[in-house]
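Single-letter residue listing:
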Amino acid sequence: MLTLASKLKRDDGVKGPRASNPASDSTRRVSIRDKLLVKEVAELEANLPCTCKVNFPDPNKLHYFQLTVNPDEGYYQGGKFQFEIEVPDAYNMVPPKVKCLTRIWHPNITETGEICLSLLREHSIDGTGWAPTRTLKDVVWGLNSLFTDLLNFDDPLNIEAAEHHLRDKDDFRNKVEDYIKRYAR
């Protein structure tokens, strides 16, 4: 699956004297991000939660992929939620950019796809934000947990959804189920 890995190995094997011009040498260089991604994607695929699936539309571009989360418990059980993950050039010093592509009624995800997950924050007061020691595996497990143990009604991004839950839990559940039927199948 990792065709970029074979490219990296091939490029590493081209170490010796080079008769080519400097311009073509620079096109062979692989970024630190891409070297990290080869390792991290292999680790991610080996340690994926059973409720998650990753898809690389272009196997040569490991910096862009999609994640599908199918929660098997809680309010969102039975839904199929798509996320788009893009890893910037400055990775691992900055977090990946993540957007939810599925419309959802959730206190920590807006209907337009913005996500409130502390580890995706570049700067965090409480120390739970992004750090260079974090990996894609942490991001995927964090997104998966937004549907179970990290579901947070006390610090919402979608205030209307959190207040809805506070006012009427049964009606909140009904609206979540309606959104799943309409948008998350």
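The name an unreviewed UniProt entry assigns to the protein is E2 NEDD8-conjugating enzyme, from the organism Pelodiscus sinensis. What the UniProt record of the protein gives under Pathway (unreviewed entry) is the line "Protein modification; protein neddylation."

**Q** Even after reading the chapter, I still don't get the UniProt feature "active site" (unreviewed entry) in the protein, so can you show me in this structure?
**A** UniProt tags C116 as "active site" (unreviewed entry). Along the chain, the position of C116 falls in the loop between β4 (97–100) and α4 (136–145).

**Q** Help me understand the packing of helix α3 (residues 32–46) against α4, please; the structure alone is not making it clear to me.
**A** Each pair of packed helices gets described by two things: the angle between the helix axes and the distance between those axes. Viewed as axis vectors pointing N to C, α3 and α4 meet at an angle of 40°, and their least axial separation amounts to 8 Å. By the criterion of interaxial angle, the relationship of α3 to α4 is oblique. Here L37, E40, V41, E43 and L44 of α3 come into contact with α4, specifically with L136, K137 and V140. For the contact of α3 with α4, the per-class residue count stands at 5 nonpolar, no polar and 3 charged.

**Q** Would you mind showing me how to read α4 here?
**A** Structurally, the α-helix is built with 3.6 residues per turn, so residues lying three or four positions apart point the same way. A large share of α4 lies buried, amounting to 7 of its 10 residues. Where α4 is buried, its residues touch α3, β1 (52–55), β2 (64–69), β3 (81–86) and β4.

**Q** Help me out: how do you make sense of the sheet that holds β4 in this one?
**A** What holds strands together in a sheet is hydrogen bonding between their backbones, with the strands either parallel or antiparallel. A sheet is described by the order of its strands in space; here 4 strands give the open sequence β1-β2-β3-β4, paired in antiparallel fashion. If you trace the sheet from one side to the other, it starts and ends with β1 and β4, each paired once. When strand polarity is set aside, the average angle formed by the axes of neighbouring strands in this sheet is 20°. In this structure, β3 lies alongside β4, joined through 4 bridges in antiparallel fashion. Each bridged residue has a counterpart across the sheet, and for I85 the counterpart in β4 is V98. Of the strands in this sheet, β1, β2, β3 and β4 are in contact with α4, which crosses β2 at around 35°.

**Q** What exactly am I supposed to notice about the nonpolar core here?
**A** Inside soluble globular proteins, nonpolar side chains tend to come together where they are buried. Of all hydrophobic cores here, the largest spans 41 residues; its most connected members are L67, Y76, F83, I115 and L143. In this structure L143 touches L67, F83, I85, V98, I115 and L117, once residues within four positions along its chain are discounted.

**Q** Please clarify how the packing of helix α5 (residues 159–167) against helix α6 (residues 169–183) should be interpreted in this entry.
**A** Where α5 meets α6, the axes come as close as 5 Å, and the angle between the chain directions of the two elements is 135°. In terms of orientation, α5 and α6 fall into the oblique class. Taken together, the residues of α6 that come into contact with α5 (itself represented by A161, H164, H165 and R167) are K169, D171, F172 and K175. Here the contact of α5 with α6 is composed, by residue class, of 2 nonpolar, 2 polar and 4 charged.

**Q** Help me understand unusual backbone geometry in this model?
**A** For residues besides glycine, phi is generally negative; the peptide bonds are generally trans as well. Cis geometry is adopted by the peptide bond preceding N92, which originates at Y91 and carries an omega value of 20°. Considering the arrangement of structural elements, one finds N92 in the loop between β3 and β4.

**Q** Would you mind going over the side chain of E40 with me for this structure?
**A** Mapped onto the elements, E40 comes out in helix α3. For the buried E40, which has no salt bridge, the nearest side chain bearing the opposite charge is K39, at an N-O separation of 6.7 Å. At a separation of 2.5 Å, a polar atom in the side chain of E40 contacts the side chain of Y91.

**Q** Quick question: what am I supposed to make of the pattern of salt bridges here?
**A** It is possible for side chains bearing opposite charge to pair when their charged atoms get close. Enumeration according to the criterion identifies 5 salt bridges in this entry. In this structure, E111 engages R103 in a salt bridge whose closest nitrogen and oxygen atoms are separated by 2.8 Å. Residue R182 is joined to D178 by a salt bridge in which the shortest nitrogen-to-oxygen separation is 3.0 Å. Highlighted residues: R182 and D178, both in helix α6, separated by 4 residues, approximately one helical turn. Given a relative accessible area of 31%, D178 falls into the partly exposed group.

The rules behind each value
Per chain, residue numbering runs from 1 following the sequence as it is written. Local features in this predicted model are restricted to residues of pLDDT 70 or higher, and side-chain atom pairs are both shown and tallied only at a pLDDT of 80 or more, whereas totals for entire chains, interfaces and linings draw on every residue. To get the side-chain values, all heavy atoms of the structure are used, and hydrogens and water are removed first. UniProt positions are given in the numbering used here, feature names are shortened, and annotations may be inferred rather than shown by experiment. Strands are runs of DSSP state E lasting at least two residues, helices are runs of H or I lasting at least four, and both sets are numbered from the N terminus onward. Interaxial angle, 0 to 180 degrees, is taken between N-to-C directions of lines fitted to C-alpha atoms, where a helix line uses only the stretch in contact. Orientation categories follow fixed angle ranges, with anything under 35 degrees roughly parallel, anything over 145 roughly antiparallel, 65 to 115 roughly perpendicular, and all other angles oblique. Contacts between residues were defined by any pair of non-hydrogen atoms, one from each residue, lying within 4.5 Å. Charged residues are taken to be Asp, Glu, Lys and Arg, nonpolar residues to be Ala, Val, Leu, Ile, Met, Phe, Trp, Tyr, Cys and Pro, and polar residues to be all remaining types, Gly included. Think of it in three bands: with a 1.4 Å probe and only protein chains considered, a residue is buried below 20% of the maximum accessible area for its type, exposed above 50%, and partly exposed in between. Any two strands are treated as partners once DSSP identifies two or more bridges connecting them. Take the buried residues of types Ala, Val, Leu, Ile, Met, Phe, Trp, Tyr and Cys, join any two whose side-chain atoms come within 4.5 Å, and each joined set is a nonpolar core. Note that His is not counted, nor are the chain ends; the positive residues are Lys and Arg, and the negative ones are Asp and Glu. The term salt bridge refers to a pairing of a side-chain nitrogen on Lys or Arg with a carboxyl oxygen on Asp or Glu at a separation within 4 Å. Pairs of N or O atoms within 3.5 Å make up the polar contacts considered here, provided that, within protein, one atom can donate a hydrogen while the other can accept it, and that residues adjacent in sequence are counted only when both atoms are side-chain atoms.

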